[in-house]
Amino acid sequence: MFAQQEPVSTPPPDPYLNDPALYGAPSPLWSFMESVIGIVVMVFWIWMLIDCLRKDPDRFLWFWVILFFPPFGALIYFFLRWLPSNQFQLPEFARPFFRQRRLNELETAAMQIGNPYQFVRWGDALKDAGINQKSLEAYQQALAKEPDNLQALWGAAQIEMKFKEFETAQQRCKQILEADPEYKFGDVSLMYCKTVCELDSAEQAREELARHAKRWRQPEALYLLATLEAEAGDHQAARKTLQGMLLDINASPRGIARKFVRWKSKARRLLKRLPRS
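So, how was this worked out
- Residues numbered from 1 in each chain as written.
- Predicted model: local features only at pLDDT ≥ 70, side-chain atom pairs only at ≥ 80, totals over all residues.
- Heavy atoms only, no water.
- Core = buried A, V, L, I, M, F, W, Y, C linked by side-chain atoms within 4.5 Å.
- Buried < 20%, exposed > 50% of the residue type's maximum accessible area, 1.4 Å probe, protein only.
- Contact = heavy atoms within 4.5 Å.
- Phe/Tyr/Trp six-rings, centres within 6.5 Å; stacked < 30°, edge-to-face > 60°.
- Helix = DSSP H or I, 4+ residues; strand = E, 2+ residues; numbered from the N terminus.
- Lys NZ or Arg CZ within 6 Å of the ring centre and 35° of its normal.
- UniProt positions renumbered as here; feature names shortened; annotations may be inferred.
- Axes fitted to C-alpha atoms, helices over the stretch in contact; angles between N-to-C directions.
- Parallel < 35°, antiparallel > 145°, perpendicular 65-115°, else oblique.
- Left-handed = near helix turned anticlockwise from the far one by under 90°.
- Nonpolar A, V, L, I, M, F, W, Y, C, P; charged D, E, K, R; others polar.
- Disulfide = S-S within 2.5 Å.

Draft legend 1. Up close: the nonpolar core. Among the nonpolar cores identified, the biggest contains 53 residues, and Trp122, Val188, Leu242 and Met245 are the most heavily contacted of them. Excluding its chain neighbours within four sequence positions, the residues that come into contact with Met245 are Arg217, Pro219, Leu222, Tyr223, Trp263, Lys264 and Ala267. If you look at the next biggest cluster of nonpolar residues, it comprises 13 residues, including Phe44, Met48, Leu49 and Cys52.

Following this line, the structure appears as C-alpha cells:
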C-alpha cells in the first residue's frame, strides 16, 4: 500500500503584500501641495536674491549666503535685513522676537546723543515692552535735562500710576495741564482725576470728574463719575450719567464704538443694580 503523505502546510499570506498605502503612488492632492510649496519657496528665494543685489549695501556677502544655503539663507536674509530696512509692521505675537534689537538701538542713541528726545523715545519703547522701571528711569533722565518736556512728564506719570505713586503722578499731570490743557485730548485730565480719587475725598473726586466730563466725554470718566454718584446715594444722577454715556457710544462710528464695548457692558450692569426710584 502507498504510504500516506502528510499535507503540505502553506505559509500565511503577508498582510502588507498588497497594501496600497505602502506601495501605491502618492495622492494627487499631496502631489499638488508639494508642487505649490516648491514653487512658493523658489519664488521667495529668487525675490530675496534680487532684493539683495538691488538694495543691500552688503550685497556681496548676503548674495553668497542666499545662493549657497537655500532656503535657509533666504529666510535669514528676510528676517535680519529685509524686515528692518522696509519698516514692516510685524504681527503682535512676533514682535517680542525683534524688540530687543530695537531697544538696544534706542539705548545706544540715547547714551551717545544724550538729548531729551532720544531718552523719551527709549522710554516709550521700554514702556511698550513692559519694562516699566527702566522706562521710568529713561523718562527721568529726559526730565533732568528738560524739566518741562511734556512727553517725558506724561510717560513718567503713566509708569508712576502703575507703581501706585499717585502723588508724583498727580504733580506731573498738573504740570502738563498747566502748560497745555489739550494735551493728549483729555487723557492727562482723566489721569489727574484718578489721582484725586486715590488721594482726596470722594466728594472732591466727584467734582473733579464732573468738571472733566463737561469737556471730555470719555466713557471711562463717565463711568467713574456714575460710580461715585451711586455711592453717594444720588441714583438719579448716576442713571442719567450712564444713559448719556451709552447714547454717546451708540451715536459714535462703529470703529470707535467697538473700542468702548467694555465700558458699555459695565455701564449696563451698573444700571441694572441701581434702584428704580
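Draft legend 2. Structural detail: the packing of aromatic side chains. A complete count under the given rule lists 11 aromatic pairs for this structure. Geometrically, the ring pair formed by Trp64 and Phe68 is stacked, given 5.4 Å between the ring centres and 20° between the ring planes. Highlighted residues: Trp64 and Phe68, both in helix 3 (residues 59-68), separated by four residues, approximately one helical turn. Judged by centre distance (5.6 Å) and plane angle (50°), the ring pair of Tyr223 and Trp263 falls under tilted. Within this pair, whereas Tyr223 is found in helix 12 (residues 219-231), its partner Trp263 is found in helix 15 (residues 261-273), the two being separated by 40 residues in sequence. For Tyr223, a relative accessible area of 11% translates into the label buried. For Trp263, a relative accessible area of 11% translates into the label buried. Clustering of aromatic rings is evident, with ring pairs tying together Phe44, Trp47, Phe78, Phe79 and Trp82. In this arrangement the basic side chain of Arg262 is found over the ring face of Trp263, its NZ or CZ atom lying 4.5 Å from the centre.

Draft legend 3. Unusual backbone geometry, seen in detail. The phi torsion at Lys164 lies on the positive side, around 60°, for a residue other than glycine. Mapped onto the fold, Lys164 is located in the loop between helix 8 (150-162) and helix 9 (166-179). Within the chain, Phe185 stands out as a residue other than glycine whose phi angle is a positive 55°. Within the secondary structure, Phe185 sits in the loop between helix 9 and helix 10 (187-199). On the accessibility criterion, Phe185 (65% relative accessible area) is exposed.

Draft legend 4. Up close: the UniProt feature "transmembrane region" (unreviewed entry) in the chain. The sites that carry the UniProt feature "transmembrane region" (unreviewed entry) are, in the present numbering, residues 29-48 and 60-80. Taken end to end, residues 29-48 has its terminal C-alpha atoms 29 Å apart, with 100% of it in helix and 0% in strand. Counting secondary structure, residues 60-80 comes out at 86% helix and 0% strand; the distance between its end C-alpha atoms is 16 Å.

Draft legend 5. Quick look at the UniProt feature "domain: Cardiolipin synthase N-terminal" (unreviewed entry) in the chain. The sites that carry the UniProt feature "domain: Cardiolipin synthase N-terminal" (unreviewed entry) are, in the present numbering, residues 43-81. Summarising residues 43-81: 85% helix, 0% strand, and an end-to-end C-alpha distance of 18 Å.

Draft legend 6. Here's a closer look at the packing of helix 10 against helix 12. Direction vectors running N to C along helix 10 and helix 12 enclose 25°, while the axes themselves pass 11 Å from each other. Taken together, the axes of helix 10 and helix 12 lie roughly parallel to each other. The crossing of helix 10 and helix 12 is left-handed. The segment helix 10 lies against helix 12, with Leu190, Lys194 and Cys197 engaging Glu220, Ala221, Leu224 and Leu228. Its residues assigned to classes, the contact of helix 10 with helix 12 comprises five nonpolar, no polar and two charged.

Draft legend 7. Geometry of the state of the cysteines. In this structure the tally under the stated criterion is zero disulfides. For the unlinked cysteine Cys173, the closest cysteine sulfur is that of Cys193, found at 9.5 Å.

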